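Summary of the model geometry
Below, each chain spelled out in residue letters.
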Amino acid sequence: MNVAFFMKPKQMVAHLFIDFTIRQALEKMHHHGYRAIPVLDRDGHYMGTVTEGDFLWHIVKGEGKESHTIAIENLEDFKLSELNITPENNPSVLITASIEELLMRAMNQNFIPVVDDRNLFIGIVTRRDVIQHFYKKTFGYSEGE
């Protein structure tokens, strides 16, 4: 089965750009109610996924007595690119990935970013969609029947 069958296209997926300020990113995540969101460069390449925890670690820096906090207003002074965002934290799959690969990724990720052969972000597949596919396949009916 084709990944495109499960995919929510980029136009329907909230995402951030790597040059956003941390405040912009937090406001967009809050607006959409997400706990994790894909990050792209301005050319559309998938850079990784940022989570609430990434922001928390940036806001409260250091260890022990050396830690300090940053006022929310000062988050405009920091770019999203200053966080350690890498694709390894929430790996993407190619549009040609198998349903088995989606299932393996869905066990560890709430959503799976989908890229084309140029690493351009084209959408996501949610864990819910993968589970629903296997539920229908196993039990022969869909949710609500």
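What comes next is a walk through the structure. What you see is a predicted model, and the numbers here were worked out from it, not measured in a lab. (Residues numbered from 1 in each chain as written. Predicted model: local features only at pLDDT ≥ 70, side-chain atom pairs only at ≥ 80, totals over all residues. Heavy atoms only, no water.)

L16, V39, V50, F55, L80, L83 and I85 are the most contacted members of the largest nonpolar core, which has 25 residues in total. Setting aside residues no more than four positions away along its own chain, L83 makes contact with I22, V50, D54, F55 and H58. (Core = buried A, V, L, I, M, F, W, Y, C linked by side-chain atoms within 4.5 Å. Buried < 20%, exposed > 50% of the residue type's maximum accessible area, 1.4 Å probe, protein only. Contact = heavy atoms within 4.5 Å.)

Once that is clear, we can look at the pattern of salt bridges. Taken as a whole, this structure holds seven salt bridges when the rule is applied. Linking D19 and R42 is a salt bridge whose minimum nitrogen-to-oxygen distance equals 3.1 Å. Of this pair, D19 sits in the loop between β2 (16-17) and α1 (22-32) while R42 is found in the loop between β3 (36-40) and β4 (46-51), placing the two residues 23 residues apart along the sequence. Given a relative accessible area of 52%, R42 falls into the exposed group. Salt bridges here are not isolated pairs; linked through shared partners, they connect R23, E27 and E76. (Salt bridge = Lys/Arg side-chain N within 4 Å of Asp/Glu carboxyl O. Helix = DSSP H or I, 4+ residues; strand = E, 2+ residues; numbered from the N terminus.)

Turning to the sheet that holds β4, a few remarks are in order. The strands that make up a sheet pair up through hydrogen bonds in the backbone, lying either parallel or antiparallel. The sheet built from three strands is open, its strands ordered β2-β3-β4 with mixed pairing. Every other strand in the sheet has two partners, leaving β2 and β4 as the edge strands with one partner each. When β3 meets β4, the two strands line up antiparallel, connected through five bridges. Pairing of P38 across the sheet is with T49, part of β4. (Pairing = 2+ DSSP bridges.)

Tracing the backbone through its elements, the reader meets K28 in helix α1. K28 sits in the partly exposed class, given a relative accessible area of 26%. Sequence separation between K28 and H15 is 13 residues; the distance between their C-alpha atoms is 8.5 Å. Those residues in contact with K28 that lie beyond four places of it in its chain are A14, H15, L16 and F20.

Attention now moves to the sheet that holds strand β1 (residues 8-9). In space, the four strands of this open sheet follow the order β1-β7-β6-β5, with mixed pairing throughout. The open sheet has two edge strands, β1 and β5 (93-94), and neither has a second partner. Bridge count for β1 against strand β7 (residues 121-126) is two bridges, and the pairing is antiparallel. Within the sheet, the bridge partner assigned to K8 lies in β7 and is I124. Relative to β7, helix α4 (residues 127-139) is tilted by about 55 degrees, and along the sheet it contacts β1, β6 (111-115) and β7. (Axes fitted to C-alpha atoms, helices over the stretch in contact; angles between N-to-C directions.)

Before going further, it helps to spend a moment on α1. An α-helix turns once per 3.6 residues; consequently, residues spaced three or four apart project the same way. All buried positions along α1 are accounted for by I22, A25 and M29. Buried positions in α1, seen along its axis, are confined to an arc of 65 degrees and lie on one side of it. For α1, the exposed residues set more than 90 degrees away from the buried face come down to H30 and H31. On its buried side, α1 packs onto β2, β3, β4 and α2 (52-59). G33, located one to two residues past α1, shows a positive phi value of around 75 degrees. (Arc of directions from axis to C-beta.)

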